[in-house]
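A structural walkthrough
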Amino acid sequence: MRGDPDRLRLPYFPDHAALFVEARALPLSCAVAISPRNSVDDQGTIVAIERTLSIIKPDATERNIVGLIIVRLESAGLQVIAQKRVRWKKKDAKKFYDVHKGQPFYKDLVNFMTSGPIVLQVLEGENAILRNREVMGATNPVDALPGTIRKDFGVNLQRNSVHGSDSEKTAKREIALCFKKSEIVG
Ligand code: CDP
Ligand code: MG
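What comes next is a walk through the structure. (Residues numbered from 1 in each chain as written. Chains lettered and ligands numbered in written order. Predicted model: local features only at pLDDT ≥ 70, side-chain atom pairs only at ≥ 80, totals over all residues. Heavy atoms only, no water.)

Attention now moves to the packing of aromatic side chains. Within a pair of aromatic rings, the relevant descriptors are the distance that separates the centres and the angle that separates the planes. The final tally for this structure, using the stated rule, is two aromatic pairs. Both rings, one in Trp-88 and one in Phe-96, keep their centres 5.1 Å apart while their planes meet at 45°; by these two values the pair is tilted. You'll find Trp-88 and Phe-96 in the same group, each marked buried. Here the aromatic residues Trp-88, Phe-96 and Tyr-97 are joined through ring pairs into a cluster of three or more. Between the NZ or CZ atom of Lys-84 and the centre of the ring of Phe-179, over which it lies, the distance is 4.8 Å. (Phe/Tyr/Trp six-rings, centres within 6.5 Å; stacked < 30°, edge-to-face > 60°. Buried < 20%, exposed > 50% of the residue type's maximum accessible area, 1.4 Å probe, protein only. Lys NZ or Arg CZ within 6 Å of the ring centre and 35° of its normal.)

Dropping the structure here:
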């Protein structure tokens, strides 16, 4: 549930769809749901509205399948609220993948991520971090479930078409690294 944070449609009265209450009259547990960062599902459970960083990698931009990938993300209920096509310099890729420094694949990964244009996106939606990871599929396309982006478009373990943040902390860091606040336009 999003929109006007002061007016809330009560999920507990499905037969009274037009019933609204003043937010300030609600107990704390309900007030949590009012936050524009939360939503309420059909069972009345509060669901987190999250943001996550998505990257469409050089193997995908090279094959002109950016649109096909975005269709998968949008179809999963993820909304693109910021987007830009860039070509990373080595320093950008090194900083972004700093967590993998020392791994045997780090240098090749940096070379790959700077080998062509990439599309950076902030995605927003209910449980966006996990949902994006589910739509992406396992890191290695051969292990990914049928219907996932990596299964259907990934070339190999390295050239696996997409990146997605793996936790709330990582999402915050990655979004801040890739976008200015003013570039996140909703
Ligand atoms: O991207 P994801 O979070 O699923 O996997 P990761 O373990 O964080 O690795 C980051 C990226 O490094 C992967 O998406 C692959 O592109 C690459 N990688 C690789 O080339 N070789 C590996 N053994 C592991 C990862
Ligand atoms: Mg990762």
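Along strand β4 (residues 46–56), eight of the 11 residues are buried, which leaves the element largely enclosed by surrounding structure. Note that strand β3 (residues 38–40) and β4 share three bridges and pair antiparallel. What sits directly across from Asn-38, in β4, is Ala-48. Linking β3 back to β4 in an antiparallel pair, the connection comprises five residues, with Gly-44 at a positive phi of about 85°. Inspection of the sheet shows β4 paired to strand β6 (residues 118–126) by eight bridges, in the antiparallel sense. The partner of Ile-49 across the bridge, within β6, is Glu-126. (Helix = DSSP H or I, 4+ residues; strand = E, 2+ residues; numbered from the N terminus. Pairing = 2+ DSSP bridges.)

Read these as layout, nothing more, since geometry by itself doesn't imply function.
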